[in-house]
Amino acid sequence: MIFLLFFALVYFLLALAGLWYLYRGYRRRGPLRTVLLGVFGLAGLALLVPLPIHGGFTFLFEALLSELSTYREAVEEVGVQVERRAFEKKLESRFAGPLDYTVVDEPAPGWERVRTPAGVDGFHERASGLVWSELLARGEVAPFELERAKEICRGLPPAGTWALPTSAEWYFFRKAKGERVAPDEGYGTVSFTVDTEMGLELPTTHLGQGRKLALRCVARTGAAPARGYIRDDVPLEEWNRDQLELLR
């Protein structure tokens, strides 16, 4: 507090000295130059005004810089949120709408064997509201051929209602013991991981016993999110446990 009072006194004396200097130079330099010097001088002194804060003080120019930095961060955050909403909107276009189907039988608790009007067979998992297709394109897809894998699933009738599953949707498949209902027959799978922070879709491949890949496409019912499931929908602890299981 004593230091702050001392600084305020020094600042006051400097301001008086500056005004006296301007007064003395008024006739020698002319009124216009004197006024300009006074404006800039007082502005500079104003930026050095000490502002008391908890436990000390700061300068006016530091407070202004802090506000500018906060404003810039707020603008950047708005931009990030706009990009994130646009990315999530893009994800919603994965499915043209809920899949229409009829139930054929119930192979296991929580699962239904279904068939679409186009004659495509699949497996509906009630808890997640996802419908999984039979294995497709056995041995016809190479690792990380993300766009080709997406195109195959989009073309499964009715076109647009099926999509390549995300790694999070595979999590729900494994959680519901889907491999008991729809065995992988030794094939690996292709999917992709959604990173909403970066706005990226990263291809992921899980190799099977025979080192060959197949596709299992996914559709949604009205019980599932319009965009399907992404990594953000899975608790971190459960996600880490599931990924460790895959490595065994």
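Our structure's up above, just so we're on the same page.
Parameters and conventions
- Residues numbered from 1 in each chain as written.
- Predicted model: local features only at pLDDT ≥ 70, side-chain atom pairs only at ≥ 80, totals over all residues.
- Heavy atoms only, no water.
- Helix = DSSP H or I, 4+ residues; strand = E, 2+ residues; numbered from the N terminus.
- Buried < 20%, exposed > 50% of the residue type's maximum accessible area, 1.4 Å probe, protein only.
- Contact = heavy atoms within 4.5 Å.
- Areas by Shrake-Rupley, 256 points an atom, 1.4 Å probe, with all protein chains shown as cover.
- Salt bridge = Lys/Arg side-chain N within 4 Å of Asp/Glu carboxyl O.
- Disulfide = S-S within 2.5 Å.
- Axes fitted to C-alpha atoms, helices over the stretch in contact; angles between N-to-C directions.
- Parallel < 35°, antiparallel > 145°, perpendicular 65-115°, else oblique.
- Nonpolar A, V, L, I, M, F, W, Y, C, P; charged D, E, K, R; others polar.
- Pairing = 2+ DSSP bridges.
- Phe/Tyr/Trp six-rings, centres within 6.5 Å; stacked < 30°, edge-to-face > 60°.
- Lys NZ or Arg CZ within 6 Å of the ring centre and 35° of its normal.
- Patch = residues over 30% accessible without salt bridge, like charges linked within 9 Å, V, L, I, M, F, W, Y side chains within 5 Å.

1. Details of the overall build of the protein
Helix and strand counts for the protein stand at 7 helices and 10 strands. Buried positions account for 34% of the 248 residues belonging to the protein. In the protein, of all internal contacts separated by at least 6 residues, the share reaching a separation of at least 24 is 63%. As displayed, the protein has an accessible area near 15300 Å², and 62% of this comes from carbon and sulfur atoms.

2. A word on the pattern of salt bridges
Evaluated as defined, the whole model comprises 14 salt bridges. The shortest N-O distance in the salt bridge between Arg227 and Asp233 comes to 2.8 Å. A single network of salt bridges, built from pairs that share partners, joins Glu106, Glu112 and Arg126.

3. Description of the state of the cysteines
For the structure shown, the criterion picks out 1 disulfide. What pairs with Cys153 in a disulfide is Cys217, and their sulfur atoms sit 2.1 Å apart. Around the S-S axis, the bridge from Cys153 to Cys217 shows a dihedral of about -85° and counts as left-handed. On the criterion of sequence distance, the pair formed by Cys153 in helix H4 (residues 146-154) and Cys217 in the loop between strand S9 (213-214) and strand S10 (218-220) is long-range, its members being 64 residues apart. Taken individually, Cys153 and Cys217 each receive the classification buried, so the pair is uniform in this respect.

4. Some words on the packing of helix H5 (residues 167-175) against helix H7 (residues 236-247)
Packed helices, taken two at a time, are described by their axes: the angle between them and the distance between them. Between H5 and H7, whose axes approach to 11 Å, the crossing angle comes to 80°. One element, H5, and the other, H7, form an angle in the roughly perpendicular class. On H7, the residues touching Ser167, Ala168, Tyr171, Arg174 and Lys175 of H5 are Glu238, Trp239, Asp242, Gln243 and Leu246. Across the contact of H5 with H7, the residue classes break down as 4 nonpolar, 2 polar and 4 charged.

5. Some points on the pairing of strand S4 (residues 111-115)
Two elements, strand S3 (residues 102-108) and S4, share 4 bridges in a ladder whose sense is antiparallel. For Val103, the partnering residue across the bridge sits in S4 and is Val114. Two strands pair when backbone bridges link them, and S4 and strand S5 (residues 121-125) are joined in this way by 5 bridges, in the antiparallel orientation. Within S5, the residue paired with Trp111 across the bridge is Glu125. What sits between S4 and S5 in their antiparallel hairpin is a turn of 5 residues, with Gly119 showing a positive phi close to 90°.

6. Quick notes on the packing of aromatic side chains
On inspection of all chains with the given rule, the structure shows 6 aromatic pairs. Taking the centre distance of 5.0 Å and the plane angle of 75° together, the rings of Trp170 and Phe173 count as edge-to-face. With Trp170 and Phe173 both in helix H5, this residue pair falls 3 residues apart, about one helical turn. Residue classification places Trp170 among the buried positions, given a relative accessible area of 7%. Assessed through its relative accessible area of 5%, Phe173 is described here as buried. Put simply, the rings of Trp111, Trp132, Trp170 and Phe173 touch in pairs and so form one group of aromatic residues. In this structure, Lys150 is placed above the aromatic ring of Phe192, and the distance from its NZ or CZ to the ring centre is 4.8 Å.

7. Some points on a nonpolar patch on the surface
Taken together, the side chains of Met198, Leu200 and Leu202 define a hydrophobic patch exposed on the protein surface, amounting to about 290 Å² of accessible area. With respect to the helices and strands, Met198 occurs in the loop between strand S7 (188-195) and strand S8 (200-206). Judged by its relative accessible area of 60%, Met198 is exposed.

8. Some details on the sheet that holds S7
Read across the sheet, 3 strands follow the order S8-S7-S9 without closing on themselves; strand pairing throughout is mixed. With partners counted over all chains shown, the strands left at the sheet margins are S8 and S9, one partner each. Two elements, S7 and S8, share 7 bridges in a ladder whose sense is antiparallel. Bridge assignment links Thr189 to a residue of S8, and that residue is His206. Of the strands in this sheet, S7 and S8 touch H5, which is tilted by about 125° from S7.

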